[in-house]
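These are the residues of each chain, in order.
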Amino acid sequence: MSNPERFQNLVDGQYRTSSTGRWLATANPFTGAEWAEVPQCGAEDAALAIEAAHRAFSSGPWPKLSATSRGKLLRRLGDLIARDAEKLAAIEVRDNGKLYAEMLGQLRYLPEWFYYFGGLADKIEGGVLPSDKPQIFSYTKREPLGVVVAITPWNSPLMLLTWKLAPALAAGNTVVIKPSEFTSCSTLALMALVKEAGFPDGVVNTVTGFGHEVGPILVSHPLVAKVAFTGGDATGAAVYAQAAKHIKHVTLELGGKSPNIVFADANIEHAVKGAISGIFAASGQTCIAGSRLLVQRSVYQEVSEKVVDLARTAKLGDPMLESTQVGPITTQPQRDKVLQYIDVAREGGAECLLGGKRPEAAELANGWFVEPTIFGDVNNQMRIAREEVFGPVLSIIPFDDEDEAISIANDTPYGLAAGIWTSDIRRAFRVTDQVRAGTVWVNTYRAVSFMAPFGGYKQSGIGRENGQVAIEDYLQTKSVWVNLAEDVPNPFVLR
Ligand code: NDP
């Protein structure tokens, strides 16, 4: 690699390489070429970052800051992200291959999280409790947990980090971030803005490196109070088990196999666009991908043909170009995994209606592309309908009536999201009530907001990000009892 750009970690307010002296190369998914390096941290670096975060939580300016001042710091960080949105978006694209249009949209939206949670910082209220005991004044305080380890995946590094960072800081915690080894650069670039915003040293720290090396050290460190994780279910389960050994707070945002349900009474043109945005936007690399398109049998043929026709027009290409609609897969191993799942679908008996291979165009040859791929007549018991592919692969599943649609929709270990396309408002409410998913979209798909709680039912995760409830996962409650009596009663009995 000739002159790679080098990014450094932020630990205790200082830029650091790693104690191992090693660097980890990161590649551009469109060119396949390595373009930057990040420190390959080890156990010593992980410990230093945790200790710095613990010091910043326990002493120094951070715990003394008023909640209002904390909120101002968050809002300042939001302003700086807005200022540098284009620069950060360009780094994300180079690192993870998603469309510049999508990443720029995300980066321009992210400040809202810092404004929202910054505003919430001084609205964290305890309560005065009614007391059934004479002469006791009792109240609750809401307090931060301590050091939070935020582990993020490669698909939307800054957005999924922001969903953790903004509420964690608003609540008064300190944070150690472990970004994915494949896409660490934008997180490290963000650290310059954390410094510029004026957060005290040690409040936000980063540790880059291989997840399997530094991850377990961070998760099991005795000074860590909470782990906030987004990623695959296998890693999530390992993180959960490890955190359990040390009784840490955990939130998990894991995978999905979300049903996108089209009823015969839907506006078909809208539903077709919703199906496309559910699976081919971001090349299907989203936990909320509507990877199971459930279509009522009476419109099955029409919807399938229209989805295939629209998907066929998708322009694959350089993710930096405005004209590109589908970019490459973020990592080579993930590209290979997607291709393997296409084989699994074929072997399982699904009919390939579109795509099913790497594109042949010469200008795409170096990138980790997979053609938008659609399988028809999928049975919900097939592996392709049960396991998360995390790529541009859609399974279309027919159903006869509302009951069957709900039954198929819920026949999955996951429960992250669902889409419902219908023009019958009563049906929309009925089905919404019965679908076991943390987010349900009616006549739309793939919408998120800082205001709307997000998280999984069943094996899609634990806890909620976004919305006011998110801050609850970064707080704990203290009950305070103040004895106002003149004396202390019988000490040998429970009061
Ligand atoms: P992982 O679950 O492997 O990685 C998520 C994060 O966990 C990364 O930062 C990773 O670091 C880190 N990590 C890896 N091993 C450990 C460990 N033992 N302890 C603590 N942290 C660890 O997801 P991948 O990125 O490899 O993707 C695998 C699958 O996860 C995808 O195919 C997809 O199905 C799913 N996924 C789901 C996402 C979602 O939003 N729900 C997002 C991304 C992926 P490192 O990358 O350095 O290994």
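Participant: What is the right way to read the sheet that holds strand S11 (residues 224-230) from this model?
Facilitator: Strand pairing in a sheet is mediated by backbone hydrogen bonds. Such pairs are either parallel or antiparallel. On the basis of which strands lie adjacent, the open sheet formed by six strands has the order S10-S9-S8-S11-S12-S20 and mixed pairing. Each having just a single partner strand, strand S10 (204-206) and strand S20 (461-462) make up the two edges of the open sheet. As defined by bridge partners, strand S9 (residues 174-178) adjoins S10 across three bridges and the pair is classed as parallel. Bridge assignment links Val176 to a residue of S10, and that residue is Asn205. Strand contacts of helix H1 (residues 43-58): strand S8 (147-151), S9, S10 and S11, with the helix running at about 160 degrees to S9, the strand carrying the most contacts. Docked against the sheet, helix H9 (residues 211-220) engages S8, S9 and S11, running at close to 160 degrees with respect to S9.

Participant: In this structure, what is going on with the pattern of salt bridges? I would like to understand it.
Facilitator: Two side chains carrying opposite charge are able to pair once their charged atoms lie near each other. Throughout the structure, instances matching the rule amount to 25 salt bridges. Where Glu143 meets Lys478, a salt bridge forms, and the shortest distance between an N and an O atom there is 3.0 Å. Linking Glu143 in strand S7 (residues 136-144) with Lys478 in strand S21 (residues 475-483), this pair joins segments that are 335 residues apart in sequence. By relative accessible area, which is 39% here, Lys478 ends up partly exposed. Of the charged contacts, one joins Arg430 and Glu402 as a salt bridge, the two residues approaching to 2.8 Å between their closest N and O atoms. Taken together, the residues Arg430 in helix H16 (residues 425-434) and Glu402 in helix H15 (residues 402-410) connect sequence positions 28 residues apart. Among the residues examined, Arg430 registers a relative accessible area of 38% and is labelled partly exposed.

Participant: Explain unusual backbone geometry to me, please; I cannot follow it from the model alone.
Facilitator: Note: most residues except glycine have negative phi, and most peptide bonds are trans. In this structure, Ile247 takes a positive phi of about 50 degrees despite not being glycine. For Ile247, the position within the fold is in the loop between helix H10 (233-245) and strand S12 (249-253). The exposure class of Ile247 is exposed, given its relative accessible area of 73%. The phi torsion at Asn443 lies on the positive side, around 55 degrees, for a residue other than glycine. Of the residues examined, Asn443 reaches a relative accessible area of 39% and is grouped as partly exposed.

Participant: What am I meant to see in the packing of aromatic side chains here?
Facilitator: Taken as a whole and assessed by the stated rule, the structure comprises 14 aromatic pairs. Considering the side-chain rings of Trp113 and Phe450, the 5.7 Å spacing of their centres and the 75 degrees angle between planes classify their relative orientation as edge-to-face. One end of the pair, Trp113, is in helix H6 (residues 111-120); the other, Phe450, is in the loop between strand S19 (439-442) and S20, and 337 residues separate them in sequence. Each member of the pair Trp113 and Phe450 is classed as buried. Taken together through their ring pairs, the aromatic side chains of Tyr109, Trp113, Tyr116, Phe117, Trp163, Phe450 and Phe454 make up a single cluster. The side chain of Arg6 reaches across the aromatic face of Trp23, ending 4.1 Å from its centre. The cationic tip of Lys226 hangs over the ring face of Tyr474; the distance from NZ or CZ to the ring centre is 4.3 Å.

Participant: Whenever I open this one, helix H3 (residues 67-83) confuses me. Can you help?
Facilitator: In an α-helix, one full turn covers 3.6 residues, which means residues spaced three or four apart are oriented alike. Over its 17 residues, H3 runs 25 Å from end to end, which matches the ideal 24 Å to within 8%, given 1.5 Å per residue. For H3, every residue scored as buried is listed here: Arg70, Gly71, Leu73, Leu74, Leu77, Gly78, Leu80 and Ile81. Of the surrounding secondary structure, the elements contacted by the buried residues of H3 are helix H2 (61-64), helix H4 (85-96), helix H5 (100-109), H6, helix H7 (157-170) and helix H8 (185-197).

Criteria and thresholds
- Residues numbered from 1 in each chain as written.
- Predicted model: local features only at pLDDT ≥ 70, side-chain atom pairs only at ≥ 80, totals over all residues.
- Heavy atoms only, no water.
- Pairing = 2+ DSSP bridges.
- Helix = DSSP H or I, 4+ residues; strand = E, 2+ residues; numbered from the N terminus.
- Contact = heavy atoms within 4.5 Å.
- Axes fitted to C-alpha atoms, helices over the stretch in contact; angles between N-to-C directions.
- Salt bridge = Lys/Arg side-chain N within 4 Å of Asp/Glu carboxyl O.
- Buried < 20%, exposed > 50% of the residue type's maximum accessible area, 1.4 Å probe, protein only.
- Phe/Tyr/Trp six-rings, centres within 6.5 Å; stacked < 30°, edge-to-face > 60°.
- Lys NZ or Arg CZ within 6 Å of the ring centre and 35° of its normal.
- Expected span 1.5 Å × (residues − 1).

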